[in-house]
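Close look at the chain arrangement
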Amino acid sequence: MEVLVKDVVAKAIEKLDAAGIAESRIDSWLLAESVLGVSRQDLFLEPEKSVSEEQAQKYLNAVSVRVKHIPLQHITGYQQFMDLEFVVNKDVLIPRPETELLVEQVVSYIKDNDVKVLDMCTGSGCIAVSVDRMCANADVTAVDISEKALKVAGENNIRNEGRVTFVQSDLFENIHETYDIIVSNPPYIPTSDIETLMEEVREHEPRLALDGSTDGLKFYREICTNAVNYLNENGKIFLEIGYDQGRTVPELLRENGFTDIQVLKDLSGNDRMVIAGKE
């Protein structure tokens, strides 16, 4: 027996709404595309499209997982980022759209130049692999303290035909070269704020990738203090920051001898990136 896709999606939206899932319609269709292979556009073209009862039940089972506030990406197993597909799981932070803006700044700066890039706190590898894929002349190294995160990042490197070199290291501990660019999206949530985050983040994404200690600045202090020793002359540092760190992180950079400091906003108008140079 066949079931109309529009009916099963409507049922999914109802379940997600009842569970307080904020983007119930978007999530219902993303799950439909992942599980049923049917997009919203497909349904516009074929309004009476149907699937088997078995397929419909498989879809509703996935919806039942999402109802428990399991991140959508942990159900589908991937996240789109910079037009590439990245595997994600509980061991890595799910790539965010605002981080694409950081990658765009790095890529725009590199252009066609031969550069060595260090991605600190790489997580899923989304920054490192994207820069590598978009910049043929970039030699990219990516660092993370988590062995589990590096396993995911390595898989994403292979999946996207990247050439990134991965190093397990507590920040600069195992780094012995210098670079033209250091880029990082480090943990920057103050410890006390983590409990206020939405359940999907608080309960299902790695605290190691979120917790920036008491004031959220722990990793920026260490990166800003040490980065100058790992940057070549005229090197650049690119940092993603929290919306309220547009003054504190530049000050840390300034204290450590960086110049030409710029704070850039995201599409919501929040401070989101800091770029600085080494003389």
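Just so it is clear, the model here is predicted, and its values are computed rather than measured.

1. As for the packing of aromatic side chains
For any pair of aromatic rings, geometry is given as the distance between the ring centres together with the angle between the planes. The full count for this structure, using the stated rule, is three aromatic pairs. Note on Phe-81 and Phe-86: the rings are 6.0 Å apart at their centroids and 85° apart in plane angle, and the pair reads as edge-to-face. Each member of the pair, Phe-81 as well as Phe-86, is classed as buried. Consider the rings of Tyr-109 and Phe-238, whose centres lie 5.8 Å apart with planes at 55°: the pair is tilted.

2. Section: the pattern of salt bridges
Tallying each qualifying case throughout the model produces 15 salt bridges. Arg-159 is the salt-bridge partner of Glu-85, the closest N and O atoms lying 2.5 Å from each other. Here Glu-85, found in strand β4 (residues 84-87), pairs with Arg-159, found in helix α8 (residues 147-159); they are 74 residues apart in sequence, far enough to count as distant. Look at Arg-159 and you get partly exposed, because its relative accessible area is 41%. Across the salt bridge formed by Glu-195 and Arg-207, the nearest N and O atoms sit 3.0 Å from each other. Highlighted residues: Glu-195 in the loop between β8 (179-184) and α9 (199-204) and Arg-207 in the loop between α9 and α10 (218-227), separated in sequence by 12 residues. Here Arg-207 falls in the partly exposed class, since its relative accessible area comes to 40%. Each of Asp-27, Arg-66 and Glu-200 takes part in a single network of salt bridges with overlapping partners.

3. So, the side chain of Ser-169
Mapped onto the elements, Ser-169 comes out in the loop between β7 (165-168) and β8. A distance of 2.8 Å separates the side chain of Ser-169 from the backbone nitrogen of Asn-174, its partner in a polar contact. Beyond its immediate sequence surroundings of up to four residues, Ser-169 is in contact with Val-143, Asp-144, Ile-145, Asn-174 and Ile-175.

The rules behind each value
- Residues numbered from 1 in each chain as written.
- Predicted model: local features only at pLDDT ≥ 70, side-chain atom pairs only at ≥ 80, totals over all residues.
- Heavy atoms only, no water.
- Phe/Tyr/Trp six-rings, centres within 6.5 Å; stacked < 30°, edge-to-face > 60°.
- Buried < 20%, exposed > 50% of the residue type's maximum accessible area, 1.4 Å probe, protein only.
- Salt bridge = Lys/Arg side-chain N within 4 Å of Asp/Glu carboxyl O.
- Helix = DSSP H or I, 4+ residues; strand = E, 2+ residues; numbered from the N terminus.
- Polar contact = N/O pair within 3.5 Å; in protein donor to acceptor, adjacent residues only side chain to side chain.
- Contact = heavy atoms within 4.5 Å.

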